[in-house]
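Report on the structure
The primary structure of each chain is shown beneath.
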Amino acid sequence: MKRKPFFYDITLRDGNQALKKPWSIKEKEIVFNKLVELGVNGIEVGFPSASDMDFEACQKLANIAPDNIVISALARSVKSDIKTAIDAIKTATIPRVHVFLALSPFHMKHVLNKEPHEAKQIAIDAVKFAKEEILKVNKNGQVQFSVEHFGDCEENIDFVIETLKEIVKAGADVINLPNTVERYRIKPLVDMVNKVYEALPKEITIAVHHHNDLGMSTASTVESFYAGATQLECSLNGLGERAGNTNMYEVAIALYNSDVELDLNLEKIYETALVIAQMSNITIHEKAPLIGSDALAHRSGIHQDGAIKTKDMKKGAYRAIDPSIIGRKEDERIGFTSQSGKTAVFEIITRAGYPISIEEAIRLTPIIKKEAETTGEVPVEKIVEIYFKNLLEVKGAFEFLSFTLVEADTFELRFNYKDKYFDVKGYGNGPVDACLNALSKAGFKRKLSGYEQIAVDAQDFGAGASAISTIHLMGKNGQDIIGRACDKNTARANVKAIFNAMNLVYN
Ligand code: KIV
Ligand code: ZN
């Protein structure tokens, strides 16, 4: 499908009207600037008849609006509201007055107290008036008409369509079909959107504006796009009346994943969400899709394994998107619980900056699992502590006691093996060579197959270590045995690593 969605933001109107403390002009301007950065196509800046402050805010935002963004203001289907709305936004390059009236049988009868033919005439007259008035002050002026409670219009959909045809003739450019209260299923609603789309001239933009009372508004908005709606009315962080409006980020990513071309700067999403949470005083739930603190966490071993194996791919296992697409810089979080496994241990220790092999991760896993069974998710610091305790201090038959340089290239090694003390001199090209030479003289000959040393931050663990040495010795059956150790003295780190490896060889 080639149609591009038109993202129309309602945070400053529907979102703002539902806040415990609606925004000041200054605050509205901050949110407005975020919307501009995000790249939305239209912004409903407010309801100018609601208060003098909202009128001024709309005026201010219309004045600073970029030329390519439609700026709209809400008005009831009454002349005074329409005039006030137009007055507030007329300086925008593309101003739009947004007129609404409910056409659902329930609302017309019990709230408006009008017969359908009366409501129809009010709507037509309002749109005609709005179009005449806006064109008097701005040649680009547009009119949007919303069928409030469209979602409740299944039983009188033919009447609604007839009315909308007249409303289009009266000058409406955009027909909005709100699900003002989300009460029913998605499919019949989307079918109704499609029925209106099919019935109206193709130059008319169909819009949807869905509330999220049952948690389905993202789905109904996305599917409405495929049913003919081009203008998608959404809000930042899903702000809006009651359970809110459709969340813009979720709709955008669902369409992006479906290869629909968007004008939005998706990488601004996360930063925008954080600013809006702060501005609205409404925290982001940790499980909120895409932006929640836990939305990037993997805890089950199977999920961790899949996510890690596919982490550099566009489509990842067990994740909706690569977090960097929405500007989340942090990696997907790997949390270790009793449900996790060796891949998580390997990943957590590697991300913490320490060397580990998958075999060592397998050895550590049951120890960390045991901890998780009592404490729940094990913090990274605790996992690192377990790593140091178990991999960098291997208990066994060998006990290293001292290693002293006695003359050039000669060290004296003192150690204990099965309660027997050894004092042996070793010669060699450096401490590793000299220590292995001393062990060989004492009857414990082992072949070195690899050696590395890395510097670590002395703050990392209480011991004040500055180096981690890794020694690979050939095991009794030719297998690779890895010993690691840390110490602030690099020569001693090497020797301790050899002894840890020896304890693994002779265990
Ligand atoms: O939810 C709704 O029906 C509205 C209209 C005013 C568009 O917010
Ligand atoms: Zn609404």
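Residues numbered from 1 in each chain as written. Chains lettered and ligands numbered in written order. Predicted model: local features only at pLDDT ≥ 70, side-chain atom pairs only at ≥ 80, totals over all residues. Heavy atoms only, no water.

1. Section: the coordination of the zinc ion (ligand 2)
We count it as follows: Only nitrogen, oxygen and sulfur atoms qualify as donors, provided they sit within 2.8 Å of the metal or within 3.2 Å for Na, K and Ca; with water excluded from the atoms, sites may seem incomplete. Helix and strand assignments come from DSSP, with helices taken as H or I runs of at least 4 residues and strands as E runs of at least 2, each series counted from the N terminus. For the exposure calls, accessible area comes from a 1.4 Å probe over protein chains only, and a residue counts as buried if that area is under 20% of its type's maximum, exposed if over 50%, partly exposed in between.
Within the protein, the atoms that donate to the zinc ion (ligand 2) are D14 (OD), H209 (NE2) and H211 (NE2), at distances of 2.0 to 2.1 Å. In the primary structure, the donors to the zinc ion (ligand 2) are separated according to the pattern D-x194-H-x1-H. In this pair, D14 sits in helix 1 (residues 11-17) while H211 sits in the loop between strand 7 (205-210) and helix 9 (217-226), placing the two residues 197 residues apart along the sequence. Judged by its relative accessible area of 4%, H211 falls in the buried class.

2. Looking at the nonpolar core
Most often, soluble globular proteins keep nonpolar side chains buried together rather than apart. Put simply, the rule is: In this text, buried Ala, Val, Leu, Ile, Met, Phe, Trp, Tyr and Cys residues form a nonpolar core when linked through side-chain atoms within 4.5 Å. Note on contacts: a residue pair is in contact if any heavy atoms of the two residues lie within 4.5 Å.
Formed by 91 residues in total, the largest nonpolar core has its most connected members in F7, I71, V97, F145, F150, L164 and I175. For this core, the leading source of residues is helix 6 (residues 116-137), giving eight residues. F150 has contacts with I157, V160, L177, P178, L189, M192, V193 and V196, leaving out every residue within four places of it along the chain. Core analysis: the next-biggest nonpolar cluster, separate from the first, contains 31 residues, F422, I471, A485 and Y506 among them.

3. What to know about the site of ligand 1
Test applied: Proximity is defined per residue: any heavy atom of the residue falling within 4 Å of a molecule or strand makes that residue near it. Think of a polar contact as two N or O atoms within 3.5 Å of one another; within protein, one of them needs to be a possible hydrogen donor and the other a possible acceptor, and neighboring residues in sequence only count if both atoms come from side chains. Working definition of accessibility: Shrake-Rupley area with a 1.4 Å probe, residue cover restricted to the visible protein chains.
Every residue lining ligand 1 is accounted for by R13, D14, H98, F100, S146, E148, P178, T180, H209 and H211. Within the contact set of ligand 1, an oxygen atom lies 2.6 Å away from a side-chain nitrogen or oxygen of T180. Within the side chain of H209, one N or O atom sits 3.1 Å away from an oxygen atom of ligand 1. Look at ligand 1: alone it shows 260 Å² of surface, and the protein chains cover 94% of it. Only helix 1, strand 4 (94-102) and strand 5 (142-148) provide two or more residues apiece to the shell around ligand 1.

4. Quick look at the environment of A57
If you trace the backbone, A57 turns up in helix 3 (residues 52-64). When residues no more than four places from it in sequence are discounted, the contact partners of A57 are I25 and K28.

5. Quick notes on the packing of aromatic side chains
Spelled out, the test is: Here is the rule: rings of Phe, Tyr and Trp (six-membered ring for Trp) pair when centre to centre is within 6.5 Å. Planes less than 30 degrees apart are stacked, more than 60 are edge-to-face, and the remainder are tilted. Remark: a charge is flagged as sitting over a ring if the NZ atom of Lys or the CZ atom of Arg is within 6 Å of the ring centre and within 35 degrees of the ring normal.
Per the stated rule, a full pass over the model turns up 17 aromatic pairs. For the pair F398 and Y506, a centre-to-centre distance of 5.3 Å together with 65 degrees between the ring planes defines the contact as edge-to-face. Note that F398 is positioned in strand 11 (residues 398-407) and Y506 in the segment after helix 17 (490-505), a separation of 108 residues in sequence. Here F398 falls in the buried class, since its relative accessible area comes to 4%. Taking relative accessible area as the criterion, Y506 reaches 19% and is therefore assigned buried. Consider the rings of F415 and F422, whose centres lie 4.7 Å apart with planes at 0 degrees: the pair is stacked. Neither residue differs from the other here; F415 and F422 are each classed as buried. Three or more aromatic residues joined by ring pairs make a cluster, and in this case those are F398, F400, F415, Y417, F422, F444, F499 and Y506. In this arrangement the basic side chain of R3 is found over the ring face of F225, its NZ or CZ atom lying 4.6 Å from the centre. In this arrangement the basic side chain of K202 is found over the ring face of Y197, its NZ or CZ atom lying 4.4 Å from the centre.

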